Structures are given as structure tokens and as C-alpha cells.
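# Breakdown of the fold
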Amino acid sequence: MARPILRLALALALAAAAVYGLAAFSRDFWSPDEPDFADAVREMNVRGSWLLPYQNGKPYSEKPILYYWTMAATTPFTGGDVDPGALRIPSIVSGAFLVFGATLLAGWRGGRRQALLAGATTAVTPLVFWQAQFIQIDAFFTALLFAAFVAQMLVDLDVGRRERWVWAFHVLLPLAVLTKGPLAIVLTGLVALVRCALSRSLRPVLDLRPLRGALVSVALVVPWYWFATRAGGPEYTYDLIVNQNWNRFFEAFDHIQPWWFYLKSIWGDFAPWTLPALVAPFTLRSSGLLSRRPELTWGLTVVLTCFVFLSTSQSKQGKYLLVAYPFAAVLLAAAVGEWERRAGRGLRLFRGYMLFLAGLFLGASLALGPVAVRRAPDFAHLAPLVALPLGIGAAGTFWVLWRRRCEAVPAALALAATLAAGEAAAGPVVFRALDVAKTGRPFYDRVLPLVGDKAVPLVYWGNPYRSYPMLRLRRHTDHVVTETALAEWLSSNPGGFVLVDASAFGKWKSPALLRLQVVDGQPTGQDRILLLRRP
């Protein structure tokens with residue numbers, strides 16, 4: 001790899017990490033997932049045990065252990081406690097790594113301009129930005145899976161260093177399994193089988209040294225699973241291995257979506273690059289680039305394999321397809337380079353699309369203020385801080401399109417810079433302003449003197465159980481999910497307090513429960529958190 005491309009990849013990754021960091025360090029833990037992960041790490045620290053994560057004192061079976069360990073590794077730098085920004089560092093680094101990898105992959109044979117475009121589009125893709133500043137497992141898992149895919153590709157393409165890439169693949173794959181389970185094995189295995197079918201050879205599988213790889217995976221993965229399942233018990237083992245993998249895929253219990261879900265989600269998750277990215281493979285095939293640049297064929301294989309396989313699952317979320325977008329950015333960058341080289345219809349259409357997007361951004365910047373006044377008056381004063389970078393970026397894109405009339409990459413980079421500016425403003429401005437509304441933290445500060453003492457009876461009503469109350473009150477709670485169980489708990493704890501969402505409280509039927517007195521409450525998201533007790 002040429003040093004200029006490597007320096008460019010590092011620069012883009014650092015710039016992306018700075019944008020993600022502005023958002024990551026600007027707010028508290030946001031429900032539903034962030035408090036659950038954070039409190040699991042907090043309980044591991046309190047217990048002084050690193051084998052299992054816990055939620056409300058019970059083993060927490062939401063995925064394997066590696067991501068929890070990476071978060072826990074930040075706590076020595078924050079006084080041994082969990083900190084929102086620090087716990088997001090693994091996600092920040094993972095998002096930056098995707099930018100780094102896309103830049104290197106595009107620049108390998110495409111040169112500096114394609115490297116710059118692939119890295120920039122990856123960096124500002126909405127789904128990459130969101131996951132890179134959020135405490136969820138997906139950015140970290142995607143970074144490991146992306147690296148495993150690249151190592152798998154280089155086993156085939158970099159023959160002189162094949163053994164090095166085989167070992168890299170053998171290590172990365174079990175690390176991905178320790179992050180999110182066997183999905184990584186399934187996806188990389190499917191890609192290998194597709195490559196076998198395309199080449200009419202078993203080499204794509206045999207070159208990976210599957211027997212040795214299996215031994216390495218067993219050595220790295222099985223010890224934790226063995227000790228964790230013995231410590232967690234049968235219920236933990238079933239949920240970790242069967243429920244979170246087989247049942248989630250074939251008999252989903254959440255996020256149930258139709259087969260065509262990803263055909264819809266890609267338009268927002270990869271915006272605004274989705275349309276030209278869908279056209280890119282046809283351009284690359286007609287130009288012969290897919291045959292001359294095998295890394296593009298590999299990238300397209302990964303994108304299509306992940307898309308088709310994940311579409312067969314009952315449970316679908318846009319973030320599951322995150323690994324496809326750095327490869328899609330590489331394909332897009334190669335196609336844009338080809339459109340520039342031909343200087344024909346493709347170039348005119350892409351420039352027209354950039355012109356349309358610039359106009360859309362300019363219109364959004366002008367409309368943001370009036371819309372905010374009408375729809376969100378409490379936050380209307382923030383609109384200019386977001387509208388300004390969008391307007392300036394759109395005007396800059398118009399100028400670039402006029403000055404560089406025979407090119408496409410500069411206008412795309414101008415739009416990427418516009419999105420980056422908007423995302424950089426979103427964190428410290430919008431996210432910070434929404435923080436209280438999302439978390440209800442002042443409520444927990446107010447009720448802490450009442451229920452912070454672990455000896456005070458406190459019950460959480462509802463399912464699923466969410467950890468923000470424990471995280472802020474620094475205690476466990478009892479937990480019930482039926483009105484009968486809550487009535488029995490109140491009989492046993494007549495002076496106890498109840499935490500419940502207002503939407504759930506309004507659905508209770510028992511007259512005795514409806515007579516509970518509201519001690520305090522505060523809006524949280526689209527709902528309201530209440531603290532209740534007997535009159």
C-alpha cells in the first residue's frame with residue numbers, strides 16, 4: 001500500500017473519529033440499549049468479576065463478552081465508574097476503522113481520488129455516524145467482520161503474503177464470534193461458498209485452511225462459552241446460544257420485518273449515496289472493471305451475500321447491514337471514477353444528482369427554522385446552528401459544480417463535507433439539547449433521596465426491563481410484569497415505591513393499583529416516567 005494512501009486513510013479516520021466524538025461526549029446514556037450495556041459493565045466492576053455481564057443482579061445474556069470487556073477497559077480512566085463518552089470509545093474507534101478500511105481498499109488500485117471519495121462517503125453515511133457514537137454492539141462487531149472479510153479477500157488476491165492473511169482471518173473470525181455469536185462464521189462461510197461457485201473451484205475454502213481455523217476458533221471461543229454457561233446456568237445458556245441466534249433468525253421475537261425491509265432501509269441508512277451506489281455495479285461490469293479489479297468483485301459479493309442472507313431472517317434492523325456500506329462506498333468510488341473518465345452520460349447524470357442534492361440541502365436549511373418553530377418550539381433556537389452548515393455546504397457544492405464542470409468527485413466531496421458539518425453540529429448542539437427529554441435524568445436526581453437507599457423497597461413494572469433507573473439510582477430493584485404480582489408486592493411492601501411508565505400505568509385495570517399516588521414524574525422520550533406509592 002502506497003504511503004500517501006495510508007496517510008490519507010489515517011487522516012480521514014481521525015477526522016471521522018472527531019465528528020463521532022463530538023456526539024459521543026455530548027450526552028448521557030440514551031434508552032433503550034445504552035443504559036443496559038452501561039449498567040452491565042457497572043455491575044461487572046462492582047462485583048469484581050469479568051466472566052459475565054449482569055443486569056439487575058442477574059446474568060445478562062444479550063450477546064457474548066468481548067464488547068463488554070472493551071467497554072470495561074475504559075473504566076480505569078474514569079475512576080472505575082462508567083462514563084457515557086468513555087464507553088462509546090469502542091464504537092468511535094470501530095466507526096473510524098470502517099472509514100480507514102474503505103479508504104485503503106478503494107485506493108489500492110483506484111488511486112487517491114477514489115480513496116478519498118470512498119472514505120468520505122463511508123464517514124458521513126447516516127448509519128455509520130449513528131452507530132459510531134452509540135453504545136451498541138454493532139459498530140464493534142462490524143469492524144471485526146469487515147476486517148475478516150478483507151483478510152478473506154487478501155488470502156485470494158495477495159498470494160505473496162497469503163499465510164499472513166490466513167492467520168489474520170483465523171484470529172478475527174473468533175473475535176467476531178465472541179462479540180455477536182456465530183453470525184460472522186455464517187456470513188464469511190457463505191461468501192467463501194459463493195466464491196467457490198463463481199470460480200468453480202474449492203480454492204476459496206481450502207486456501208483459508210479451514211481445519212486450522214476451526215482449531216483456532218475453538219481455542220479462542222470455547223473456553224469463555226464453557227465457563228460462562230456453567231456460571232450463568234441453563235436459562236442463561238439457552239438465551240445466549242439458542243434464543244439470541246437460532247430463534248432470533250428463524251422465530252424472531254422482536255424487530256420482525258417483511259423480506260423486503262432492507263430494500264426500504266438502505267435509502268435512509270446509506271443516504272444520500274444509495275441511488276448512485278445501486279447503479280455502480282452495472283457501470284463497473286460494462287466497463288470491465290469488475291474483471292480488472294478483483295477487489296471490486298469481492299466487495300460486490302460481500303454486499304449481495306449479506307443483503308440476501310439477512311433478508312431471509314425474520315428479525316431485521318438496518319444496522320445489521322452495516323458491514324455492506326464500506327464495500328458499497330468502494331464500489332461507488334470506482335464507478336464515479338469511471339464516469340469521470342468517460343465524460344459522458346454517466347458523468348452528466350451524477351452531476352445532476354449532486355445538483356439536486358445540493359438544492360435539497362439548501363431548501364432544508366431554509367425550511368428548518370420555520371418547521372422547528374411549528375413542530376418543536378422548545379428547540380427552535382437550535383435550528384440556525386444546524387441550518388447554517390447545511391446552507392453553506394450546499395452553496396459550496398453549487399460553486400464546485402460550476403468551477404469543476406468536467407468532474408464528479410469534487411462535488412461529491414463537497415456534499416460529504418456538508419453532511420460532516422451537519423453531523424458535527426448535531427452532537428454538541430442537538431443531542432445535548434435533547435438529553436434531558438431522552439433520559440429524564442432530573443427525575444432520578446430528585447427521587448434519589450427517597451429511593452436511593454437499597455433498604456427502601458422499590459419495584460420496576462414492565463417488560464422488557466430497562467437499566468437507566470438502576471444506573472442513576474445505583475441500586476437494584478424488584479421486577480414485576482403483571483398486575484397481580486404488583487398487588488402482591490405492595491401487600492408485602494406497603495411503604496414501597498413503584499417505577500412505571502405513564503403509558504403502562506394508564507392501562508392498569510385494578511382499582512387498587514389505580515389509586516396509587518404519583519410522587520413524582522417527568523417526560524422521557526415519547527412517554528413519562530412515574531414514581532408511585534400508596535396514599
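Within each chain, residues carry numbers counting from 1 in the order of the written sequence. Side-chain atom pairs in this predicted model are given and counted only at pLDDT of 80 or more, local residue features only at pLDDT of at least 70, and totals for whole chains, interfaces and linings cover all residues. Working from all heavy atoms in the structure, the side-chain values ignore hydrogens and water.

Only runs of H or I of at least four residues qualify as helices and only runs of E of at least two qualify as strands under DSSP, and these elements are numbered from the N terminus. Across its full length, the protein holds 24 helices and seven strands. What you see for the protein is a C-alpha radius of gyration of 25 Å, in line with the 24 Å of a compact globule of 535 residues. Along the first, second and third principal axes, the C-alpha set of the protein runs to 80 × 60 × 45 Å. Here the protein holds 535 residues, and 56% of them are scored as buried. It only takes one pair of heavy atoms within 4.5 Å for two residues to be counted as in contact. When contacts within the protein are restricted to residue pairs at least 6 apart in sequence, long-range pairs at least 24 apart make up 75% of them. Lys and Arg are tallied as positive, Asp and Glu as negative. Neither His nor the chain termini are counted. Note that the charge is assigned to NZ on lysines, CZ on arginines, CG on aspartates and CD on glutamates. If you average the places of the 53 positive and of the 34 negative side-chain charges in the protein, the two averages end up 10 Å apart. Based on C-alpha atoms, the radius of gyration is set beside the globule rule, defined as 2.2 Å times the residue count to the power 0.38. Only protein chains enter the calculation, and the probe is 1.4 Å; a residue is then buried if its accessible area is under 20% of its type maximum, exposed if over 50%, and partly exposed in between.

In this section: the nonpolar core. By convention a nonpolar core is built from buried Ala, Val, Leu, Ile, Met, Phe, Trp, Tyr and Cys residues, the set being connected through side-chain atoms within 4.5 Å. Core analysis: the largest hydrophobic core is formed by 150 residues, its most contacted members being Tyr20, Tyr68, Phe149, Trp224, Trp273 and Met354. Counting residues in each nonpolar core, the second largest holds 15 residues, with Leu486, Trp489, Leu490 and Leu516 among its members.

Let us look at the environment of tyrosine 68. Relative to the elements of secondary structure, tyrosine 68 occurs in helix α3 (residues 66–72). Given the relative accessible area of 0%, tyrosine 68 is considered buried. With 158 residues separating them in the primary sequence, tyrosine 68 and tryptophan 226 have C-alpha atoms 17 Å apart. Not counting residues within four places of it along the chain, the set of residues in contact with tyrosine 68 comprises Phe37, Ala40, Val41, Met44, Pro53, Tyr60, Glu62 and Lys63.

To continue, consider the sheet that holds strand β6 (residues 517–524). Paired strands, in this sense, are two strands between which DSSP finds at least two bridges. Pairing within the open sheet is mixed, and its five strands lie in the order β4-β3-β5-β7-β6. Edge positions in the sheet fall to β4 (478–480) and β6, since each of these pairs with one other strand and no more. Within the sheet, the average angular offset between the axes of one strand and its neighbour, ignoring direction, is 20°. The convention used is that axes are lines fitted to C-alpha atoms, helices contributing only their stretch in contact, and that angles between N-to-C directions extend from 0 to 180 degrees. Helix α20 (residues 441–451) contacts β3 (458–461), β5 (497–501), β6 and β7 (527–533) of the sheet and is inclined by roughly 150° relative to β6.

On to the packing of aromatic side chains, then. Centre distance within 6.5 Å is the pairing criterion for rings of Phe, Tyr and Trp, where only the six-membered ring of Trp is used; planes under 30 degrees apart are then read as stacked, over 60 as edge-to-face, and the remainder as tilted. The final tally for this structure, using the stated rule, is 26 aromatic pairs. Relative to phenylalanine 146, the ring of phenylalanine 97 lies with its centre 6.3 Å away and its plane at 80°, an arrangement referred to as edge-to-face. With phenylalanine 97 in helix α5 (residues 89–124) and phenylalanine 146 in helix α7 (residues 138–157), this pair connects stretches of sequence that are 49 residues apart. Given the relative accessible area of 32%, phenylalanine 97 is considered partly exposed. Between tryptophan 246 and phenylalanine 250, the ring centres sit 4.3 Å apart and the planes meet at 40°, which makes this aromatic pair tilted. One end of the pair, tryptophan 246, and the other, phenylalanine 250, are both in helix α11 (residues 210–250), four residues apart, so they sit about a helical turn from each other. Each member of the aromatic cluster is reached from another via a ring pair, and the members are Tyr20, Trp30, Phe129, Trp130, Phe134 and Phe431.

Next up on the list: empty space enclosed by the protein. In this analysis a 1.4 Å probe is tested at points of a 1 Å grid over the protein atoms alone, and where it fits but cannot get out there is a cavity; an open set with protein on both sides within 12 Å along at least five of seven lines is a pocket; lining residues have an atom within 4 Å of a point. Grid points are joined across faces, edges and corners, and a volume is the space filled by probe spheres set on the points. Under the defined criterion, the tally for this structure stands at one cavity of 30 Å³ or more. Taken as a whole, the largest cavity holds about 40 Å³ of empty space. Surrounding the largest cavity, Lys63, Pro64, Lys180, Gly181, Tyr225, Leu240, Gln244 and Asn245 form its lining. Residue composition of the lining of the largest cavity, by class: three nonpolar, three polar and two charged. Side-chain classes follow a simple rule in which Ala, Val, Leu, Ile, Met, Phe, Trp, Tyr, Cys and Pro form the nonpolar group, Asp, Glu, Lys and Arg form the charged group, and the remainder, Gly included, forms the polar group.

Put simply, the second largest pocket is a space of about 590 Å³. Looking at the second largest pocket, it is lined by 23 residues, and the ones nearest its centre are Ser31, Tyr460, Arg466, Asp501 and Thr524. Looking at the lining of the second largest pocket, the elements with two or more residues in it are α19 (409–439), β3, α21 (468–473), β5, α23 (502–505) and β7. By residue class, the composition of the lining of the second largest pocket is 11 nonpolar, eight polar and four charged.

In this analysis, a patch consists of residues with relative accessible area above 30% that form no salt bridge, clustered at 9 Å for like charges and at 5 Å for the nonpolar side chains Val, Leu, Ile, Met, Phe, Trp and Tyr. Here the Shrake-Rupley method, with its probe set to 1.4 Å, supplies the accessible areas, and only the displayed protein chains count as covering residues. Basic side-chain nitrogens of Lys or Arg form a salt bridge, by our definition, when they fall within 4 Å of a carboxyl oxygen of Asp or Glu. On the surface, a nonpolar cluster with roughly 420 Å² of combined accessible area is contributed by Val218, Val222, Trp226 and Phe227. As for its position among the elements, phenylalanine 227 is in helix α11. Overall, the relative accessible area of 51% leaves phenylalanine 227 in the exposed class.

Inspection of the secondary structure assignment puts glutamine 152 in helix α7. In this structure, the C-alpha to C-alpha distance between glutamine 152 and arginine 162, residues 10 residues apart in sequence, is 9.6 Å. Those residues in contact with glutamine 152 that sit more than four places away from it in its chain are Phe169, Thr188, Val191, Ala192, Leu208 and Trp298.

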